[in-house]
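Now for the letters of each chain:
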Amino acid sequence: MEETKKQFYHEIYEAVRKTLPAEVEILHISLVGDHGKGIASPTSDYDVRVIILNSYDNYLLQRLHQKLTFKTTYDGRNLEGEAYDIYYQVLRVVTNSSPIVLEMLKSEEVYSQSKELIQTLWDISKKCYDPYAHFHTIQGRLRGKLQSYFRDNEETSVKTVPARLAVEVLHSILQLRAIVAGKSLLEFFNMEEVMGFAGDDEQMIRDIIRQASEKEEIELTEKFVDIIKATEKLTTGDIKGYSQDKREELKEIIKEMASVTKETFLNIIKKRYIVK
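Residues numbered from 1 in each chain as written. Predicted model: local features only at pLDDT ≥ 70, side-chain atom pairs only at ≥ 80, totals over all residues. Heavy atoms only, no water.

Engineer: I'm lost on the overall build of the protein in this one. Help?
Structural biologist: Within the protein one finds twelve helices and seven strands. Taken over C-alpha atoms, the radius of gyration comes to 20 Å for the protein, in line with the 19 Å a tight globule of 276 residues would show. Principal axes of the C-alpha set define a box for the protein whose edges measure 65 × 50 × 40 Å. Every one of the 276 residues in the protein was classed for burial, and the buried ones make up 47%. Taking all contacts inside the protein whose residues are at least 6 apart in sequence as the whole, residues at least 24 apart take part in 71%. Roughly 14600 Å² of accessible area belongs to the protein as shown, and the carbon and sulfur atoms make up 48% of that amount. Side chains of the protein give 39 positive and 45 negative charges; the mean places of these two sets differ by 4 Å. (Helix = DSSP H or I, 4+ residues; strand = E, 2+ residues; numbered from the N terminus. Rg over C-alpha atoms; globule rule 2.2 N^0.38 Å. Buried < 20%, exposed > 50% of the residue type's maximum accessible area, 1.4 Å probe, protein only. Contact = heavy atoms within 4.5 Å. Areas by Shrake-Rupley, 256 points an atom, 1.4 Å probe, with all protein chains shown as cover. Lys, Arg positive; Asp, Glu negative; His and termini not counted. Charge placed at Lys NZ, Arg CZ, Asp CG, Glu CD.)

As structure tokens, this is what we get:
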């Protein structure tokens, strides 16, 4: 790893460490958001997701920092994010195709105390991957972004959209196309990975990404609108190679993996607080 990148990671870690309570231990940090999706602009802020371990006493007494939000600055830009307890917000939800865990695994790693832990999360995520869950999550976020923007601008004829919104919308659309094609977001997540599902729209999408780095507004073309409308018509029934029978099989796998998550947490506790 080049020295400038190492320094960048170290400074991000230190900035995050200063914002969190002293008694929590940082296990992992991922650079998510626009950076994690591969759609960051030169002015993009920094968003991070952190996995934390609470103190032994806090687990015993149930005085837990389960989810912490924080905001600071780094290099003149906002640095904000969320910290999640390793058991209650990570291991207990990874079996349910958690979008939070997926984003952490697929985004740029800033710091990781345990490669073994991350590998365990990868293994469980692969076995418990549910395209239905990710489809609904992404489609819900996409509709929320579009409805919010057009509702706020309903009194005017919308001819342009914020450049960053346009890129985010296109990224979500390509992720949905990947899911419908029967592909896993554990393999196809960031913009360049899902670009293979752009088809005839690739040049238009790349043009918009380029324009987004140069201007604040993007023209809302007829073709762009058609792509959005076509995506809104997609349903889980369009997902290739996935059926209700497979979902029933997945339920049994999730039950098995639940014991693995508990064992993983207990091993962490033993190594940190019990084994001398």
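There is more to say, and it comes next.
Engineer: It is not clear to me how the packing of helix 8 (residues 163-180) against helix 10 (residues 202-212) should be interpreted in this structure. Could you clarify?
Structural biologist: A pair of packed helices is captured by two measures, namely the crossing angle of their axes and the spacing between those axes. Where helix 8 meets helix 10, the closest approach of the two axes is 9 Å, and the angle between their N-to-C directions is 150°. Between helix 8 and helix 10 lies a crossing whose hand is left-handed. Contacts from Ala-163, Arg-164, Ala-166, Val-167, Leu-170 and Leu-174 of helix 8 reach helix 10 at Met-204, Ile-205, Ile-208, Ile-209 and Ala-212. Of the residues in the contact of helix 8 with helix 10, the class split is ten nonpolar, no polar and one charged. (Axes fitted to C-alpha atoms, helices over the stretch in contact; angles between N-to-C directions. Left-handed = near helix turned anticlockwise from the far one by under 90°. Nonpolar A, V, L, I, M, F, W, Y, C, P; charged D, E, K, R; others polar.)

Engineer: What should I look at first to understand the packing of aromatic side chains in this one?
Structural biologist: To describe a pair of aromatic rings, you give the distance between the ring centres and the angle between the ring planes. This structure, assessed with the given rule, holds ten aromatic pairs. Consider the rings of Tyr-87 and Phe-265, whose centres lie 4.7 Å apart with planes at 25°: the pair is stacked. Of this pair, Tyr-87 sits in helix 4 (residues 86-91) while Phe-265 sits in helix 12 (residues 244-274), and the two are 178 residues apart along the sequence. The pair Tyr-87 / Phe-265 is uniform in exposure class, with both members buried. Counting every residue linked through ring pairs, the aromatic cluster contains Phe-8, Tyr-9, Tyr-46 and Tyr-74. (Phe/Tyr/Trp six-rings, centres within 6.5 Å; stacked < 30°, edge-to-face > 60°.)

Engineer: For this particular structure, what's the right way to read a nonpolar patch on the surface?
Structural biologist: Taken together, the side chains of Tyr-56, Leu-60, Leu-61 and Ile-274 make up a nonpolar region of the molecular surface, amounting to roughly 390 Å² of accessible area. In this structure, Ile-274 sits in helix 12. (Patch = residues over 30% accessible without salt bridge, like charges linked within 9 Å, V, L, I, M, F, W, Y side chains within 5 Å. Salt bridge = Lys/Arg side-chain N within 4 Å of Asp/Glu carboxyl O.)

Engineer: Mind showing me how you'd approach the packing of helix 5 (residues 99-106) against helix 6 (residues 115-127) here?
Structural biologist: The geometry of helix 5 relative to helix 6 is characterised by a closest axis approach of 11 Å and an angle of 125° between their N-to-C directions. One finds that helix 5 runs oblique with respect to helix 6. By crossing handedness, the relation of helix 5 to helix 6 is classed as left-handed. Across the interface between the two elements, Val-101, Leu-105 and Lys-106 from helix 5 touch Ile-118, Leu-121, Trp-122 and Ser-125 from helix 6. Of the residues belonging to the contact of helix 5 with helix 6, the class tally is five nonpolar, one polar and one charged. (Parallel < 35°, antiparallel > 145°, perpendicular 65-115°, else oblique.)

Engineer: Can you help me understand the sheet that holds strand 2 (residues 46-53) in this one?
Structural biologist: To summarise the sheet geometry, strands pair through backbone hydrogen bonds and adopt either a parallel or an antiparallel arrangement. Across the sheet, which stays open at both edges, the five strands sit in the order 3-4-2-1-5 with mixed pairing between neighbours. Two strands lie at the open edges of the sheet, namely strand 3 (67-74) and strand 5 (108-112), each paired on one side alone. Taking the axes of each pair of neighbouring strands and ignoring which way they run, one obtains an average angle of 20° across the sheet. Here strand 3 runs beside strand 4 (residues 77-85); their pairing, made up of eight bridges, is antiparallel. Among the inter-strand pairings, Thr-73 is bridged to a residue of strand 4, identified as Asn-78. (Pairing = 2+ DSSP bridges.)

Engineer: Just checking my understanding: could you explain helix 1 (residues 3-19) for this structure?
Structural biologist: Think of an α-helix as turning once every 3.6 residues; residues three or four places apart then point the same way. The end-to-end C-alpha separation of helix 1 is 25 Å, in line with the 24 Å expected for 17 residues at 1.5 Å each. For helix 1, every residue scored as buried is listed here: Phe-8, Tyr-9, Ile-12, Tyr-13, Ala-15 and Val-16. Taken around the axis of helix 1, the buried residues stretch over an arc of 165°, which confines them to a single face. Turned more than 90 degrees away from the buried face of helix 1, the exposed residues are Glu-3, Thr-4 and Lys-18. (Expected span 1.5 Å × (residues − 1). Arc of directions from axis to C-beta.)

Engineer: Any chance you could explain the pairing of strand 2 here in plain terms?
Structural biologist: Regular strands have side chains that alternate between both faces of the sheet. Within strand 2, seven of the eight residues are buried, which leaves the element mostly enclosed by the surrounding structure. Where strand 1 (residues 25-32) meets strand 2, seven bridges bridge the pair, whose relative direction is antiparallel. Residue pairing in the sheet places Ser-30 in a bridge with Arg-49 of strand 2.

Engineer: Help me understand empty space enclosed by the protein, please; the structure alone is not making it clear to me.
Structural biologist: Regions of empty space are outlined by a rolling probe, equal in size to a water molecule, passed over the atoms. As enumerated under the stated definition, the model contains two cavities of 30 Å³ or more in all. Looking at the largest cavity, its volume works out to about 70 Å³. What lines the largest cavity is Val-94, Ser-97, Ser-98, Val-101, Leu-102, Ser-125, Tyr-129, His-134 and Leu-186. By residue class, the composition of the lining of the largest cavity is five nonpolar, four polar and no charged. Lining the second largest cavity are ten residues, with Leu-146, Val-161, Leu-165, Val-169 and Ile-228 positioned closest to its centre. (1 Å grid on protein atoms, 1.4 Å probe; cavity = no way out; pocket = protein on both sides within 12 Å on 5 of 7 lines; lining within 4 Å. Points joined across faces, edges and corners; volume = space filled by probe spheres on them.)

Note that all results are geometric; they support no functional claim without further evidence.
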